[in-house]
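Survey of secondary and tertiary structure
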Amino acid sequence: MLPVWMENTDSYVPPGGGGTFAVKTIRSISAAVGKLQFQQGRESKPFLPAAARLLLLLALILLLSLSRHLLVLLACTALAMMALAALPPDRILSVWKSALAAALLAFLVLLPAMLLRPAGRGNNLIIIWKIFISVQMVSIFNHTTQWNRITSALRRLHVPGVFIFTIDISLKYIVLLGRLINDLLTSYLLRAVGKNKQKYTSVGGVMGVVFLRGTEMNRQMYEAMVCRGFTDDYEGL
Amino acid sequence: MSCMELRNVSYTYPGEKMPVINNLTLQIEKGTCLAVRGDNGSGKTTLFRLLNGLAFPDTGRYMFEGTVITEKYLKNNRASKAFHKKIGYLFQNPDVMLFNGTVYDEIAFGPRQMGLPDEETDRRTRDCLQLFGIGHLAEKAPYHLSGGQKKRVALAAVMALNPDVLILDEPMAGLDAGSRAFLHDFLSQLKKAGKTLIMATHDEQLVRDLADQVLVMEMPNMEMSDTETPETV
Ligand SMILES: Nc1ncnc2c1ncn2[C@@H]1O[C@H](COP(=O)(O)OP(=O)(O)O)[C@@H](O)[C@H]1O
Ligand SMILES: [Mg+2]
């Protein structure tokens, strides 16, 4: 028999405020997970196959970091700008964000050197510029290539199976755990009506569950691999 | 010689006091079907881990085709591959079985691990895609599929190895009516083909149609009961 309080309807007036913390956390996680999923499904018409683009990317970064000619730097910049211009605006913004963050970090790291040794300033600025362009190129590649295309590109370049495999599994985990965090926080939000003084504890609990679930799944996944013939000697993908 | 045989097997999880499996004796003949029933937490999954050589009895022994299966025996890579090639295991949670970038690679994983030639791997993979009606998903990432689709992919991945024994942990859970009917039919065909089936299920119809033997898991003791062709243990 149901307890009496369950048979009746509560008259509940929520106190004002609260809840925004969880809402914000969920929004940012959903956004991150959503981006991953979006990348998965996206198949923009590539001007070059993924393997060729990956090679091109590596070659350009190598060239950029080894070359001392200003012309090479300018050419790479132009190339990156051209590729960037082909992206939709929201993606340009996100490419620039990560590139700027990297450049800023490089600037902070090099700042003492630039202050102490003014003669090297020009070189240091060039390094920062190179980092800005390299990160931009990696990020563009990232935005235009599906993850499974990247792994198959690596495969075609004869990268050992174990590396590709690790990448694949990590990606899968990011998506699965991201979804799990999202679900847990959403269910928390749906039950946490009104103010909640324990919000940090709750998020701690969510992280704890995610960790435990992650380790358990990790073990089971390893077993599933063993059951299908995996013996730590990876037979090419 | 039976296909699988457990003799007075007990198993306790490390750090726990109560054994999950307590003095269990069980014999499974080739080509028969064993249904395992019992409430949640009664040890069905644990039993399957023992049968798959993922855990080992504390006391008693487990024999597969006359060979005693021990941790040491399975340390040998060739023995391990041969053993796992013969036994297919569908996990309760298909998520843990799917770790490749595409559905195609997922199904091809097992045959590749076994070192089958490329053409044979490709042929089996395509056949499985078709058999389980998931051809249109071949290039998709498995972790973006729905629950029922994941289960089909996981089963296809197991069947690509063409195991002699198929162990299924709650295969019907989370499937829609169409998929249930498909699976029911598929398992009957497997049984007709002479495969050995072991399944944990709450599906009455499936048990009635296929099971030769029913094992009821109970805490703390277990009892055997027989349907159709009785077996002495
Ligand atoms: N890794 C583990 N460590 C400790 N106890 C476990 C572990 N896995 C399962 N158990 C316990 O063993 C018992 C049987 O679990 P399980 O075999 O999963 O049951 P079933 O599959 O029938 O639901 C449960 O009481 C469960 O709590
Ligand atoms: Mg179970």
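One structure accompanies this document, and this report is about it. (Residues numbered from 1 in each chain as written. Chains lettered and ligands numbered in written order. Predicted model: local features only at pLDDT ≥ 70, side-chain atom pairs only at ≥ 80, totals over all residues. Heavy atoms only, no water.)

As for the overall build of chain B
Broken down by element type, chain B carries eight helices and 10 strands. Carbon together with sulfur atoms contributes 49% to the accessible area of chain B, which is approximately 10000 Å² in total. (Helix = DSSP H or I, 4+ residues; strand = E, 2+ residues; numbered from the N terminus. Areas by Shrake-Rupley, 256 points an atom, 1.4 Å probe, with all protein chains shown as cover.)

Re helix α3 (residues 50–66) of chain A
Between its first and last C-alpha atoms α3 of chain A spans 24 Å; for 17 residues at 1.5 Å apiece the expected length is 24 Å, and the two agree. Of all the residues in α3 of chain A, the buried ones are A50, A51, R53, L54, L57, L60 and L64 of chain A. (Expected span 1.5 Å × (residues − 1). Buried < 20%, exposed > 50% of the residue type's maximum accessible area, 1.4 Å probe, protein only.)

Details of the site of ligand 1
Residues and elements named next belong to chain B. Near ligand 1, the surroundings consist of Y13, E16, V20, D39, N40, G41, S42, G43, K44, T45 and T46. Contact between ligand 1 and S42: an oxygen atom at 3.3 Å from a main-chain N or O atom of the residue. Across the complex, the protein chains shield 63% of the 560 Å² of accessible surface that ligand 1 would expose by itself. A per-class count over the shell around ligand 1 returns two nonpolar, six polar and three charged. (Near = heavy atom within 4 Å. Polar contact = N/O pair within 3.5 Å; in protein donor to acceptor, adjacent residues only side chain to side chain. Nonpolar A, V, L, I, M, F, W, Y, C, P; charged D, E, K, R; others polar.)

Quick word on unusual backbone geometry
Residues and elements named next belong to chain B. Within the chain, N23 stands out as a residue other than glycine whose phi angle is a positive 50 degrees. Here N23 lies in strand β2 (residues 21–28). By relative accessible area, N23 is classed as partly exposed at 48%. Positive phi, normally seen in glycine, also occurs at E170, with a value near 50 degrees.

A few points about the sheet that holds strand β1 (residues 4–11) of chain B
All names here are of chain B. Spatially, β2-β1-β4-β5 is the arrangement adopted by the four strands of the open sheet, whose pairing is antiparallel. The sheet is open, and its two borders are formed by β2 and β5 (67–68), each paired with just one other strand. In this sheet, β2 lies alongside β1 in antiparallel orientation, the contact comprising five bridges. The residue bridging L6 from the neighbouring strand is L26, located in β2. Strands in contact with helix α1 (residues 44–51) are β1, β2 and β4 (59–64); relative to β1, the strand with the most contacts, it is inclined by about 120 degrees. (Pairing = 2+ DSSP bridges. Contact = heavy atoms within 4.5 Å. Axes fitted to C-alpha atoms, helices over the stretch in contact; angles between N-to-C directions.)

That is the geometry; function is a separate question.
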